[in-house]
Amino acid sequence: MRRKLVVGNWKMHGDLKSNQTLLESITNGLQNLKNADYVVCVPNPYLFQARELLTNTNVAWGGQNVNQHEQGAFTGAVAPHMLSDLGCQFVLLGHSERRVLFHETNLTAAARFDASIKAGLTPVLCVGETLAEHEAGLTEVIVASQMDAVMATLSDEDFAAAMQVNMVFAYEPVWAVGTGKTASPEQAQTVHEFIRNRIARRNSDAAAHVRIIYGGSIKANNAKQLFAMPDVDGGLVGGASLDADEFIEICRLAN
Ligand code: 13P
């Protein structure tokens, strides 16, 4: 039985004051929920604050992206060990906003995935098709190409390391991100099952254990049906993770 996982992605929102209120409400609201895992991915400048407010709670924290290099002349970039240093357990990779707005590719996602697992971080690899791809019936082709680009770079040893840190996949159809349009539970299930089968081609035991979470306009009023699907192991929550009550309710539904 896979434990459910809910990850909040704050994107570029927040400030010291509002973060404190939000994090305190979340930790209060979640303190008695023991049957799932909870994470918030905050903007890098607030990782220190997340560490301060979330240490010794049941809410973990993570980065929203990371660079593949260990150090060097990479102005503006953050290395995996820097996230680890600040107590991050998780890092989002290949988010559609990174791909579309910052021109990141499957290749950068693959390099970052590899660097993250080597630093002991749990990568959450985001995959998903655009609306045009969806309408053209290309969902599985796109998702497969995004996954294979990462899987192909992992040696057997790397793959074992990825299992060791409990790598996560997130299916985020781009047409559902921030649009208020959610994939139906059945649509999500179909793609999640496809992702699991793809992992099984490499290692069936790993496929049975890997958590595959859904993202794209998850709210308290649609999370229950999504989480009820057999291959939906939780959620990657954007907008609703900025509202304490909504986020707590989504976490409660995963519990
Ligand atoms: P929304 O929940 O705001 O649609 O965002 C989803 C997302 O991009 C999470 O990474």
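These figures come from a predicted structure and were not determined experimentally. (Residues numbered from 1 in each chain as written. Predicted model: local features only at pLDDT ≥ 70, side-chain atom pairs only at ≥ 80, totals over all residues. Heavy atoms only, no water.)

## Some remarks on the packing of aromatic side chains
Here's step 1: Per the counting criterion, the structure on display carries 1 aromatic pair.
Here's step 2: Above the ring of Phe-48, the side-chain terminus of Arg-51 is found at 4.8 Å from the ring centroid.
Here's step 3: One cation-aromatic arrangement involves Arg-98 over Phe-102; the distance from NZ or CZ to the ring centre is 3.9 Å. (Phe/Tyr/Trp six-rings, centres within 6.5 Å; stacked < 30°, edge-to-face > 60°. Lys NZ or Arg CZ within 6 Å of the ring centre and 35° of its normal.)

## Observations concerning the sheet that holds strand β5 (residues 122-127)
Here's step 1: If you trace the 8 strands once around the closed barrel, you get β1-β2-β3-β4-β5-β6-β7-β8, paired in parallel fashion. Along the sheet, successive strands turn relative to each other by an average axial angle of 25 degrees, direction set aside.
Here's step 2: Of the pairings in the sheet, the one linking strand β1 (residues 4-9) to strand β2 (residues 36-41) comprises 6 bridges and is parallel in character. Bridge assignment links Asn-9 to a residue of β2, and that residue is Cys-41.
Here's step 3: The strands touched by helix α2 (residues 47-54) are β2 and β3 (59-63); relative to β3, the strand with the most contacts, the crossing angle is about 170 degrees. (Pairing = 2+ DSSP bridges. Helix = DSSP H or I, 4+ residues; strand = E, 2+ residues; numbered from the N terminus. Axes fitted to C-alpha atoms, helices over the stretch in contact; angles between N-to-C directions. Contact = heavy atoms within 4.5 Å.)

## Concerning the nonpolar core
Here's step 1: Grouped together as the largest cluster of nonpolar side chains are 68 residues, with contacts concentrated most on Val-40, Phe-169, Ile-195 and Ile-199.
Here's step 2: Top contributing element to this core by residue count: helix α12 (residues 244-254), with 6 residues.
Here's step 3: When neighbours within four sequence positions are excluded, Ile-199 is seen to be in contact with Met-147, Met-151, Phe-159, Phe-169, Ala-206, Ala-207 and Val-210.
Here's step 4: If you look at the next biggest cluster of nonpolar residues, it comprises 13 residues, including Cys-41, Leu-92, Val-124 and Ile-213. (Core = buried A, V, L, I, M, F, W, Y, C linked by side-chain atoms within 4.5 Å. Buried < 20%, exposed > 50% of the residue type's maximum accessible area, 1.4 Å probe, protein only.)

## Structural notes on unusual backbone geometry
Here's step 1: Although it is not a glycine, Asn-56 adopts a positive phi angle of roughly 65 degrees.
Here's step 2: Within the fold, Asn-56 resides in the loop between α2 and β3.
Here's step 3: By relative accessible area, Asn-56 is classed as exposed at 80%.
Here's step 4: Not every positive phi belongs to a glycine, and His-103 is a case in point at roughly 60 degrees.

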